[in-house]
Amino acid sequence: MRSELLLPTHALDGWLIPEPLEGMHLNIQALTHGRPLEIEIGSGKGQFLLDACQRRPEVQFLGCEVKKLQAGFVASRVAKRGLRNGCAMRTDGLRLLQELLPPASIAAVHLYFPDPWWKRSHWKRRIYTPELFQAAAKVLVRGGVFHTATDVPHVAALIDAAAAASGRFFPGPVEPEAPDAPRSNFHTKALAKGHIIERRRFLLCES
Ligand SMILES: C[S@@+](CC[C@H](N)C(=O)[O-])C[C@H]1O[C@@H](n2cnc3c(N)ncnc32)[C@H](O)[C@@H]1O
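Cut-offs and rules
Residues numbered from 1 in each chain as written. Predicted model: local features only at pLDDT ≥ 70, side-chain atom pairs only at ≥ 80, totals over all residues. Heavy atoms only, no water. Phe/Tyr/Trp six-rings, centres within 6.5 Å; stacked < 30°, edge-to-face > 60°. Helix = DSSP H or I, 4+ residues; strand = E, 2+ residues; numbered from the N terminus. Buried < 20%, exposed > 50% of the residue type's maximum accessible area, 1.4 Å probe, protein only. Lys NZ or Arg CZ within 6 Å of the ring centre and 35° of its normal. Near = heavy atom within 4 Å. Areas by Shrake-Rupley, 256 points an atom, 1.4 Å probe, with all protein chains shown as cover. 1 Å grid on protein atoms, 1.4 Å probe; cavity = no way out; pocket = protein on both sides within 12 Å on 5 of 7 lines; lining within 4 Å. Sits in = over half its atoms within 2 Å of the grid points. Nonpolar A, V, L, I, M, F, W, Y, C, P; charged D, E, K, R; others polar.

Q: Just to check I follow, could you spell out the packing of aromatic side chains for this structure?
A: What describes a pair of aromatic rings is the distance from one ring centre to the other and the angle between the planes of the rings. A complete count under the given rule lists 6 aromatic pairs for this structure. Relative to Phe 146, the ring of Phe 133 lies with its centre 4.3 Å away and its plane at 25°, an arrangement referred to as stacked. Pair noted here: Phe 133 is in helix α5 (residues 130-139) and Phe 146 is in strand β5 (residues 140-150), with a separation of 13 residues, a long-range link. In terms of burial, Phe 133 and Phe 146 fall into one category: buried. Ring geometry for Phe 133 against Phe 202: centres 5.5 Å apart, planes inclined by 80°, an arrangement best described as edge-to-face. Of the two residues, Phe 133 is situated in helix α5 and Phe 202 in strand β7 (residues 198-204); the sequence distance between them amounts to 69 residues. Judged by its relative accessible area of 2%, Phe 202 falls in the buried class. Clustering of aromatic rings is evident, with ring pairs tying together Phe 133, Phe 146, Phe 169 and Phe 202. We note Arg 125 situated over the ring of Trp 117; from NZ or CZ to the ring centre the distance is 4.8 Å. Over the ring of Phe 186 we find Lys 189, and its NZ or CZ is 4.4 Å from the ring centre.

Q: What is the right way to read the site of the ligand from this model?
A: Residues in close proximity to the ligand total 19 residues, the closest being Gly 42, Glu 65, Gly 93, Tyr 112 and Ser 184. Out of a free accessible area of 600 Å², the ligand has 91% covered by protein chains. The pocket occupied by the ligand, as judged from atoms lying within 2 Å of grid points, is the largest pocket. Every element with two or more residues in the shell around the ligand is listed here: β2 (60-65) and α7 (185-192). Along the lines of polarity and charge, the residues of the shell around the ligand split into 6 nonpolar, 8 polar and 5 charged.

Here's what the structure looks like:
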């Protein structure tokens, strides 16, 4: 990721959202102008976010990235296309769900090709935990959906276990992927390598 691919900060107003300070929530109305909000955790280079913004202009998408350069890159890509229903924030995905979003404020979470973190000493960095699903359950509206995809079978199993352990989601039917469905960069790469992609659609339980 090269910094010269990023637009200057002043050109990213409305596209690169500052991370709220400790104890503050995101201003959802200012962000969405009344559109349903969907968030993507770990946007990477932002291809899913770009495609989704273009295909579903009635929805506001917020991509969150723990890496500052990636967040700026995603915001720059959305800004260069003049898409007003997409933006990015540099923050941790769990923090976004646990602290920055108000209760019942989003319609969907997207988590695509999360890092497997193979080494035991790195397991604590894995984002697909029961805590993530519990936090998502609090900020999703009734009928909310948590979408995931991975080409790592072990990660798919851990995602299933985390969703089940949270006690707040049940696995919903997964329809075959439409040929023009939004795809992340890792998704396109995995298909090119002939990998099997395990997609999930977890539905929020009625409480
Ligand atoms: C393997 S890449 C996949 C990127 C993209 N989702 C895709 O499918 O092309 C995982 C991404 O998640 C980001 N990431 C890892 N942990 C994160 C966290 N706790 N919060 C937000 N982003 C995170 C990484 O910086 C990286 O860009």
